[in-house]
Amino acid sequence: QSGLWGGFDEFNRINLDVLSVCAQQVFCVLAAIRERKKEFIFTDGAKVSLDPRVGFFITMNPGYAGRQELPENLKSLFRGVTMMVPNRQIIKKVKLAACGYQQNEFLGKKFFVLYGLCEQQLSKQAHYDFGLRNIISVLRTMGSSKRENPDKSEVYLAMRTLRDMNMSKFVAEDVPLFLSLIDDIFPGTRADKATFPDVETAMAKVAQAKGLQLHPTWLAKCVQLYETYQVRHGIMIVGPTGSGKTAICETLAGALSETGVKHVIWKMNPKAITAPQMFGRMDASTGDWTEGVFAVLWRRAAKEKKNNTWIVLDGPVDAIWIENLNTVLDDNKVLTLANGDRVQMSGNMKAMFEPENLNNASPATVSRAGIIYVSDTELGWKPLVKSWLDTRGKTEVAALAPLFETYVDSLIMFTKLNCAPVMGGAPWEHVSADFCSVGSLLTLLNASLKPFADQGEVLDTKRHERLFIYCAAWAMGGTLPLEDRSKFNAHLVKLSNGNVPSPWVAPDTDTFFEYFVDPTSGAWQNWTAVVPLWEYPVSDERPKFASLVIPTLDSVRLEHVLRLVSSVGKSSLFVGGPGTAKTTTIKSFMRSFDPEVMASRSITFSSLTTPSVFQFTVEASVEKRQGRTFGPAGGKKLLVFVDDISMPAMNDWGDQVTNEIVRQLLEQGGMYSLEKPIGDMKMIVDCQYLAAMNTPGGGKNDIPNRLKRHFCIFNVPLPSVAAINNIFGQLVAGRFAADVFAPEVCAAAEKLVPITIGVWNKVQQKMLPTPAKFHYLFNMRELSKVFQGLILAERDRFRVSETPHASFGGDVTSPEAYLVALWRHECERVFVDKLTTYDDKKWTTDLLSSITKETFGKEIGRETETRVFFVDFLREPTFDEETGETIDSNPSFYESTVSLPSIKQVADAKMKIFNETSKALKLDLVLFDDALKHMMRIARLLAMDRGSALLVGVGGSGKQSLTRLAAYVSGAFTFQITISKQYNQAALFEDLKSLYKVAGLKGQKVCFIFTDAEVKEESFLEFINQILMTGEVAGLFPKDELDMIVNDMRPVAKKLFPEMIDTWDNLYALFLSRVRDNLHTCLCFSPVGDAFATRARNFPGLINGCTIDWFLPWPQEALIAVSTKFIGDFPMACSDEDKFKLQEHMGNVHVAVTKACKEYFEKFRRNVYVTPKSYLSFIDGYRSLYTKKLSDTQTLATKINNGLRKLFEAKNDVKTMQVDLTTKNKDLATAQAEAAALLKEISANTAIAEKEKAKVNVIVEGVTAKAEEIAAVKEDAESDLKKAQPAMDAAVSALNSIKASDIATVKALKKPPDLIARILDTVLVLRQYPMSKIDWHDVKGVQVINALENWSKESMKMMGESGFLASLMNFPKAQINDETCEFLDAYFDSSDFNAELAAKASGAAAGLCNWCLAMKSYHFVAAVVEPKIAAMRVAEADLKIAMHEKADAEAIMAGGQQKLDNMQAK
């Protein structure tokens, strides 16, 4: 409003929709200027005064990440000006001159050439900047150097400044090249490094106090940071993880605190929170402003007066959040917030950044900050080890220091050259991997030596070496796959100088990984010696399969390394393929602690897990202790296990934001509060962290390098065949014990484990995953599911017993064949059901058949060839004999069926009961063999604890209907969410809460049907993933509801587990366990499109936590069965044989169309889907069309039949009429004779009548012609008469306008106006009254008749007559003649003789004037009309006579015609 000029920097960072609004606003102002307005209405409706000197200026960097292209409507309002790179040499020369340099031109040129060479010859790094901002900071430093050292050579000062100001940002490889360029530009000049004695001394002191080594190159980086600190307010310390960036920052801050004002560091990870949580957010509806974490910290730092504050943003850089700080980093030094606040940076503040790289940073950002690049070569692993050794005793140092020199470099080099760790990728392969593996080695050594150090026991050198080898094997070879471990072991043996297990238990296969150092003897011992014995729970007929954890060599040694790492407060990460027991091992380790001392919490990540979800989950597991410190409840410690830690999705910049908050928690020990008080760091204490993830690669994410360094990482390979044999061998041996079962059964059971592993291996090798078959993953989970089914089965038919039992089913006749049939059934359920083609299924079933025959002989092979199906719903409900109450309405006994038809009877009966009891939903299913088998598969999973199904098939395959039937048959409560427009996460949580209470508190089986149509938000699958993997949904129950649930669980726990201590944790664990056992999730998904594959990849629980049942297209028999069901009872106008053919044909048509669709896809690579729903629609459509067409045909038939009936009736009527016709013919002959005679008479009379008619016609024609003549004359006369009528009407109107009083007024005039006298004269003329002598006189220069004499003599007398006006009204117009009209013309010819002028004299005069004029007009019209009227009257008289004659003639003719008509009537 005052001619303000606005400069809008980085304008194209605004969102496109906002830019369009800006365009409208600018246009509004410019339009007002163009119209030269003083005031105008702005776009928000406000009235604004206008100063035309207002100006808008935009500055922006074109086209890179995070920038928008300006919309055309905005571009058109601005004039574009391209800014060119200026002549930097002149700038340098001028600035140097301003700083007092005498050799400014000479040094300016050297400066210019040096930077030109740097841009051309140094490597291209994202963080290199040789632009104007860098040049200005160097020139400023040159100026300060000149002022501080006025006696020194200017070349020397320039060379030293250029070197020192740029060295900090170069990667190690570029440093030698840069130094040689400096030497070439400044030949012969040698400049010492600038020294800061006080600060460097303080640095050394602080570093030693922190236990750090005074490593020269690392200390040089500290000095470089100090130099940058002096000239820049925004600094970036960039470098790979483990290179000492954080320590540099903290050391310098400590040193500066030592030498002056206290320096404090406030750290936050910008990627651990969203941008609105970082900077603040404005509520769009209320306009309320909520401050962000960074904004709060910035305000606090700006107000801080006592301390110097460094705000360190420790996280990945992208082009969005860091460019919000552009105004902070440039010369403005202002934080601009979305609510319009501008917070100025104080002189006591520094904005620091600590990213791993600047790959995503824009040039605008890089140029604004001072860069310190810390290369991987600055530190290495040796200072780390030296610092650790400084904390150990002399004996340990003497023993261990040589071992580090001997082993570490050699093992690192060997691993790089010969092995492929499961985690790779730059820069992880370089400094991070070495640093982290050595860090893990120190952690394991620390933990291994801790017990001896605590007891004060001194170990010998050999024992130290054994412990070192054990720790080195796991720390440096722990990430190697199984095939590389043997190579690594061979190298380790070579280095160990004979300090190896002697003898090796299995020389061919054993490695150091199979051994540990006995804590008592200090000798090598094989892990097999300490694997605890496991006993099968014989007392349980149906043991909880999930609780059967069998310790193995793998689990024991992994738990041991976990225990070592946890004992010194560090974190562990397991990496391995799916099904390698990572989660089981970690959970077993967590259960090994006393729950009164150590609580545990599991969190499962998926692709949609956000930082907020993780923070909420962790915060829910702790409570406030004091101040801002939080810890586990009851003063316990907490083990937090993050499963699938690598699953969260990468953002557009390649950052895994969810794991950034995990890193912040591990690194800083806390998280920033997002609720009030915002910006306070919540410190989480007494927590340790464990994690597991899939092996990265092949579409699976890795985790950030900076997070990896906080973990000791161990690869978990698949167990060996021997280990698997051991696990499942113990399980089967315990289930089928020799003292209970027949020897044949036990012998068969012993063979099951090896052949199952054989099947598993062969299926793995043959059924490889492809993009279309991505779920072809056969891991340990599949094996365990097979044996879970074996253990679930009732054992009554295996026992040696005299009591009769039900039939084995199929062709099975012996208990051992029954066991093999059960095994085969379970293998088919696990390996075959998930396959997607008939060919794959056939290959696998053939494999099972061949292995069965090879292993158990042809007889058992023959007996098991016919499938035996196992279900758990065959038993009748059990009742209390005394009370009659139902004890168990759905007894679950997993046993074989006699045959499929018998199962169909049971299922049909159950379906009938369901339809009778269910009001809303009816099941009208055709249970053909395939459908029945799918139903049994679903029921099998509902019978198993934690059994969940993933049913995959195209729409209409029957997934949901069969699941409902299976759930009803199994006695499970069925639930499916109802999607609506308002359905959201809160609604889903409410539904899940009710399911949890039914499954957990009531202990009832729940079947939760969830289809892909119900995935309203992808986040829904995140919660389904959590249900399947851990059973615990983050944030599902608030704390108060959890307390209520735990209280409700207390009586349940006392009833089920009287010996259990009813603590809160135990009761909650029981509740979750019951939920996991009883809540069966049945996912019904379609494989069509990419959505299913993407979801399976993003939410691994969908595959890992479910048993897959793939619905293939219905076979032809099924299609015919369905058509039989719907067509069989359908009324049709055909034979049963034709109807059966139709049913078969319908099945054939669907199969043919399916085949055609397949061919179409192969030809055009476009899918057209024909689903079972299409088939049902086809049948339904057929029935509708058939009913309609049948109705139309029946209507048509009815019409035709009615027509035929009418025709037959007409035929009979014709026959009757023919008889009548014969009789009538005789009468006709007589009548014809009479008629002939009459005809003659008629002819004679007709001739007479015709003559009369001719006469009459002549008369009529004459009369008619005369009438026409008269009519023409009459019409002519009447038209002329009409012309006279206006004159007549005018006369009458004129007379009517005259009043008697007007006449009296005129009469009273002694000397009237001349015109009135003349008007009265014309009345005298018309009435033919006597008049005096006529003469002329002059009036106003015109000669007119002098009527004054007549006025006094005749006119006054005439007006005095009593009936004067009446006589004028009844004036006999016929007496007017031409002569009279001639007299009148003498008066009328004068120009003043008209009504208007007369009216001025008198109203009566005007009326009389008009009357006289009208009379003359009437006379001349009447002169024409009168003869015509007279002639017309004569003609009318003649016509009357003629009409009489015509009437007489017509009467005579009518008489003759009447006579003729009477004759014709005869």
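Everything below is about the structure printed above this text.
Each residue is numbered by its place in its chain's sequence as written, counting from 1. Only residues with pLDDT of 70 or above have their local features reported here, since the model is predicted, and side-chain atom pairs are shown and tallied only from 80 upward, although totals for entire chains, interfaces and linings are computed over all residues. For side-chain calculations, the full set of non-hydrogen atoms in the structure is used, while hydrogens and water are omitted.

### Brief notes about the overall build of the chain
Rules: Helical segments are the DSSP runs of H or I of at least four residues, strand segments are the runs of E of at least two, and each set is numbered from the N terminus. Using C-alpha atoms as the atom set, the radius of gyration is obtained and then compared with a globule rule of 2.2 Å times the number of residues to the power 0.38. When a residue's accessible area, from a 1.4 Å probe over protein chains only, is under 20% of the maximum for its type it is buried; when over 50% it is exposed; and in between it is partly exposed. The Shrake-Rupley method, run with a 1.4 Å probe sphere, supplies the accessible areas, and residue values consider only the shown protein chains as cover. Here the positive residues are Lys and Arg and the negative ones are Asp and Glu; neither His nor the chain ends is included. The atom standing in for a charge is NZ when the residue is Lys, CZ when it is Arg, CG when it is Asp and CD when it is Glu.
For the chain, the helix and strand inventory stands at 49 helices and 35 strands. Radius of gyration (C-alpha) of the chain: 58 Å, far over the 35 Å computed for a compact globule of 1466 residues. On the principal axes, the C-alpha backbone points of the chain span a range of 180 × 125 × 65 Å. A total of 1466 residues make up the chain; the buried ones form 49% of that total. When the accessible surface of the chain is split by element, carbon and sulfur atoms take 56% of a total near 70,200 Å². The distance from the centre of the 169 positive side-chain charges to the centre of the 174 negative ones in the chain is 3 Å.

### Considering unusual backbone geometry
Omega for the bond connecting Ser502 with Pro503 falls within 30 degrees of zero, at -5°, which places this linkage in the cis form. Along the chain, Pro503 falls in the loop between helix H19 (482–495) and strand S14 (515–517). A cis amide bond links Lys676 with the next residue in sequence, Pro677, at an omega value of 0°. With respect to the element layout, Pro677 can be found in the loop between strand S21 (670–672) and strand S22 (681–684). One non-glycine residue, Lys333, lies in positive phi territory at about 55°. Structurally, Lys333 is set in the loop between helix H13 (326–329) and strand S10 (334–336). Its relative accessible area of 32% is what places Lys333 among the partly exposed residues.

### Let's talk about the nonpolar core
Here is the rule: Among buried residues, those of type Ala, Val, Leu, Ile, Met, Phe, Trp, Tyr and Cys that are joined through side-chain atoms within 4.5 Å constitute a nonpolar core. A contact between two residues is defined here by any heavy atoms of the two lying within 4.5 Å.
Within the largest apolar cluster, 105 residues are counted, with the highest numbers of intra-cluster contacts made by Phe728, Leu731, Leu819, Trp823 and Phe831. Not counting the four nearest positions on each side in its chain, Leu731 is found in contact with Trp534, Tyr536, Phe545, Leu548, Ile550, Phe787 and Ile791. Core analysis: the second largest hydrophobic core is formed by 70 residues, Leu107, Leu114, Met268 and Met681 among them.

### Regarding the state of the cysteines
What counts, and what does not: The term disulfide is used for any two cysteine sulfur atoms that are within 2.5 Å.
Here the structure, examined in full by the defined rule, presents zero disulfides. Just so you know, Cys471 is unpaired, no disulfide at all, and the nearest cysteine sulfur is the one on Cys712, 10 Å from it. Here Cys471 falls in the buried class, since its relative accessible area comes to 0%. Cysteine Cys827 shares no disulfide, and the gap to the nearest cysteine sulfur, in Cys746, comes to 19 Å.

### As for helix H9 (residues 216–231)
Using the following cut-off: Expected helix span is taken as 1.5 Å per residue step, with the number of steps being one fewer than the number of residues.
A rise of 1.5 Å per residue sets the reference length of H9, with its 16 residues, at 22 Å; its end C-alpha atoms lie 23 Å apart and thus fit the reference within 8%. For H9, the set of buried residues is Trp218, Lys221, Cys222, Val223, Gln224, Leu225, Tyr226, Glu227, Thr228 and Tyr229.

### Details of the packing of aromatic side chains
Counted only if it meets this: Stacked, edge-to-face and tilted are the three classes for Phe, Tyr and Trp ring pairs, Trp counted by its six-membered ring, which pair at centre distances within 6.5 Å; planes under 30 degrees apart are stacked, over 60 edge-to-face, the rest tilted. Geometrically, a charge over a ring is one whose NZ (Lys) or CZ (Arg) sits within 6 Å of the ring centre while staying within 35 degrees of the ring normal.
Inspection of every chain in the model, using the stated rule, returns 52 aromatic pairs. Between Trp388 and Phe404, the aromatic rings sit 6.2 Å apart at their centres with planes inclined by 70°, giving edge-to-face as the arrangement. Residue Trp388 is located in helix H15 (residues 382–390), and its partner Phe404 is located in helix H16 (residues 394–418); the two are separated by 16 residues in the primary sequence. One aromatic cluster is present, formed by Phe111, Tyr115, Tyr128, Phe130, Phe170 and Phe178 through successive ring pairs. The side chain of Lys682 reaches across the aromatic face of Phe630, ending 5.4 Å from its centre.

### Points about the pairing of strand S5 (residues 234–238)
We count it as follows: Here the rule is simple: two strands pair whenever DSSP picks up at least two bridges between them.
S5 sits mainly inside the fold: five of its five residues count as buried. Side-chain alternation along S5 places Gly234, Met236 and Val238 on one buried face and Ile235 and Ile237 on a second face that is also buried. Relative to strand S12 (residues 349–353), S5 runs parallel, the two sharing three bridges. Within S12, the position partnered with Met236 by the bridge is Phe353.

### Structural notes on the sheet that holds strand S31 (residues 1006–1011)
Where we set the bar: In this analysis an axis means a line fitted to C-alpha atoms, helices contributing only their contacting stretch, and an angle means the value between N-to-C directions, from 0 to 180 degrees.
Strand order in the open sheet formed by five strands is S30-S31-S32-S29-S33, and the pairing between neighbours is parallel. Either end of the sheet is taken by a strand with one partner, and the two such strands are strand S30 (973–976) and strand S33 (1107–1110). Here the average twist between neighbouring strands, direction ignored, is 20°. By the bridge criterion, four bridges tie S30 to S31 in an arrangement that is parallel. Looking at the pairing, Gln976 lines up with Ile1009 of S31.

### With respect to the sheet that holds strand S20 (residues 637–643)
The strand order across the open sheet built from five strands is S17-S20-S23-S16-S24, with neighbouring strands paired in parallel fashion. At either end of the open sheet lies a strand with only one pairing partner, and these are strand S17 (598–604) and strand S24 (711–715). Here the average twist between neighbouring strands, direction ignored, is 20°. Relative to S20, S17 is paired through seven bridges, and the arrangement is parallel. Bridged to Ser600 within S20 is Leu639. Along the sheet, helix H21 (residues 582–591) makes contact with strand S16 (571–576), S17, S20 and strand S23 (687–694), crossing S23 at roughly 165°.

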